[in-house]
Amino acid sequence: MDFLCLLLVFLHCLASTEACSMTHSHVFNVEEVPRTRLCRTKSIMTVNGQFPGPNLYARRGDTIVVKVHNHASKNVTIHWHGVKQPRNPWSDGPEFITQCPIKPGASFTYTIILSTEEGTVWWHAHNDFDRATVHGAIVVRPRRGTRYPFPHPFQEFVITLGREWWNRGANAVLEEALSTGGEVESSDAFTINGQPGDLYPCSSAGTFRMLVEHGKTYLLRVVNAAMSNGLFFSVASHTVVVVGSDGNYVKPLSADYIMITPGETMDLLLEANQPPDVLYYMAGRAFSYLSLGSFPTTATTAIVEYVSDLPLESTKPLQPTLPYYNDTAAATNFSFALRSPANAAHPVDVPMTVDQDMFIVAAINELECPQASCAGPNGTRLRASLNNISFVDPPIDILEAYYAGIEGVFGENFPNMPPYYYNFTATDQPLSLLLPTLGTEVRVLEYGARMEVVFQGTSLVTGDNHPMHLHGYSFYVVGWGFGNFDKERDPLRYNLEDPPIKNTVGVPINGWVAVRFTANNPGVWFMHCHIERHMIWGMNTVLIVKDGEGPKEKVLPPPRHMPPC
């Protein structure tokens, strides 16, 4: 009888996907705890005392309910990065965009609605520099009754990269940068699963070790939680096969290394096919255009160890070969090789025609210093902008103001194009281009609009790779290139056949990226650079997607108890 019951449940799942969706409940206690790294102990903000935070597990179409209790001494919000949250911006999480922060001593319950995500996404704090230690993975497995589009792995491991560790408090580093107007101080180490690895002082004992069996295949769910840098990542003597990114599958891509920008996730298959009497480093090293000394140059490491009765040939692990820290070709050759499966099980639905296009110029800017001198270039204060507007947080959250019709909180004048065109990637730029306009401007979109957004990088102040992230959506990456985007020539080279589906994409230094999506998720959705200091400097805007006509095309009502401002 038990077998027959299980069979009936399985068949019912196949007939009705909603019938098999489950709700998972969790409690997050945000609290400050002491942690020791690099020979020093400091207090850090954590969830449930864990660094990194707890990983969440669900299946496609499930719902996750998380009650957050803030026991820390400062405000916090949580964002569910890569989860589209259909019609539910109330639980998206960015501070002063979709909610006011959860104050010390207060609580708030998030409802995370999974829809088409399948693979690895993640969660993190979305205020100040708290996501340096407040983050974790969300593992979304296939819907019940279905399976991976690749051979089932023997075991899975979450590998969280980045987690830049400062010997000082992360928010003290931020406050100093905001006070002086200059660059953010370099972190003291990168980490893998919260540990710097044994190339750093006082770190050997805690180094993460991944035990494998020869001949088995493992699924690595890799998250880049770094605040400031992309990372090259590799496992010595092993090739990985990329099978997913940002909660979507990709055509299998074999690679000796990956490059993963802040905010991105990658799902990798690793076959344990090397001699078992050797230890192997997995390592992550910075991808950055900052000057040496502005980021940690020592690789963060973990150890891959084979379960074997053979004596070790050496206790010193083999090192992988990683690209040089500013190797643009290595970064772009990997990043833009990803493709969607584009098959019956995972079809492509990229808009073939466009109703509205946006050309968005991402730039680092300078402002005059309000005091005698600031720490930015030539005594200025550093800012950042999109289309020359440097975003300013409003006094209350934009979602509440939009839903309740409260005027004066935000403007609707974010432009579809920059105020003027120039050679965005020229070596020398006129000083007049450096000064942005400060404002809280959004762009309002009609429901169902087929969108194209081109992100254009610039050489203003300093060129960089900008990982642009859009909340509430995934998008198709249809094109990219170096130099200035040519609206007549470059669209002819778009990939509309099998473009990858992403929620975060790195705009190459002095280059551009084109993405397309359909605006079919009503609500208030943040769009920003995922390099934390660029976001705080103002490289952000908000897309407001209007309600559609049907009952399932409208924003859900707000929960009863949103955090007050």
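Above this text sits the structure in question.
Cut-offs used in this document
Residues numbered from 1 in each chain as written. Predicted model: local features only at pLDDT ≥ 70, side-chain atom pairs only at ≥ 80, totals over all residues. Heavy atoms only, no water. Buried < 20%, exposed > 50% of the residue type's maximum accessible area, 1.4 Å probe, protein only. Helix = DSSP H or I, 4+ residues; strand = E, 2+ residues; numbered from the N terminus. Pairing = 2+ DSSP bridges. Arc of directions from axis to C-beta. Contact = heavy atoms within 4.5 Å. Core = buried A, V, L, I, M, F, W, Y, C linked by side-chain atoms within 4.5 Å. Disulfide = S-S within 2.5 Å. Salt bridge = Lys/Arg side-chain N within 4 Å of Asp/Glu carboxyl O.

Chemist: Summarise the pairing of strand β6 (residues 107–113); cite the residues concerned and give the values.
Modeler: Residues F108, Y110 and I112 point to one face of β6 and are all buried, whereas S107, T109, T111 and I113, pointing to the other face, are not buried. Here strand β4 (residues 63–70) pairs with β6 via 7 bridges, running antiparallel. Paired with K67 across the bridge in β6 is T109.

Chemist: How would you explain helix α2 (residues 170–180) if you had to name every residue and give the values?
Modeler: Taken together, the buried positions of α2 are A170, N171, V173, L174 and A177. When α2 is viewed along its axis, its buried side chains cluster within an angular range of 155° and face the same direction. As for α2, its buried residues are in contact with β2 (40–47) and α5 (532–537). G181, located one to two residues past α2, shows a positive phi value of around 80°.

Chemist: Outline the nonpolar core, supporting the account with residue identities and numerical values.
Modeler: Membership of the largest hydrophobic core comes to 45 residues, with the highest contact counts inside it found for I159, V222, F233, I258, M266, L268 and M282. Looking at which element gives the most residues to this core, the answer is strand β18 (residues 280–287), with 5 residues. Not counting the four nearest positions on each side in its chain, F233 is found in contact with I159, L161, V222, Y257, I258, L268, M282, A283, G284 and L322. Core analysis: the next-biggest nonpolar cluster, separate from the first, contains 34 residues, A449, F455, Y473 and V545 among them.

Chemist: Describe the state of the cysteines, listing the residues and the values that go with them.
Modeler: Inspection of the entire model under this criterion finds 3 disulfides. A sulfur-sulfur distance of 1.9 Å marks the disulfide that ties C39 to C202. In this structure, the disulfide formed by C39 and C202 twists by about 95° around the S-S bond and is classed as right-handed. You can see C39 sitting in the loop between β1 (23–37) and β2 and its partner C202 sitting in the loop between β10 (189–192) and β11 (209–212), a full 163 residues away along the chain. For C39, a relative accessible area of 45% corresponds to the partly exposed category. C202 gets classed as exposed once you look at its relative accessible area, which sits at 58%. There is a disulfide in this structure between C100 and C565, and the S-S distance comes to 1.5 Å. Residue C100 is located in the loop between β5 (78–81) and β6, and its partner C565 is located in the segment after β32 (540–545); the two are separated by 465 residues in the primary sequence. For C565, a relative accessible area of 45% puts it in the partly exposed group.

Chemist: Just give me the short version of unusual backbone geometry, but keep the residues and values in it.
Modeler: Only a minority of non-glycine residues have a phi that is not negative, and only a minority of peptide bonds are not trans. With an omega of 0°, the peptide bond running from F51 to P52 counts as cis. Its place among the elements puts P52 in the loop between β2 and β3 (56–59). For N48, which is not glycine, the phi dihedral falls at a positive 55°. With respect to the helices, strands and loops of the structure, N48 is situated in the loop between β2 and β3. Classification of N48 as partly exposed rests on a relative accessible area of 28%.

Chemist: An account of the pattern of salt bridges is requested, with residue identities and associated values reported.
Modeler: On inspection of all chains with the given rule, the structure shows 23 salt bridges. Ionic pairing is found between R60 and E118, a salt bridge with its closest N-O pair at 3.2 Å. Of the two residues, R60 is situated in the loop between β3 and β4 and E118 in the loop between β6 and β7 (119–125); the sequence distance between them amounts to 58 residues. Ionic pairing is found between E117 and K84, a salt bridge with its closest N-O pair at 3.6 Å. On the criterion of sequence distance, the pair formed by E117 in the loop between β6 and β7 and K84 in the loop between β5 and β6 is long-range, its members being 33 residues apart. Using a relative accessible area of 1% as the deciding quantity, one classes E117 as buried. Salt bridges here are not isolated pairs; linked through shared partners, they connect R141, E156, R221 and D267.

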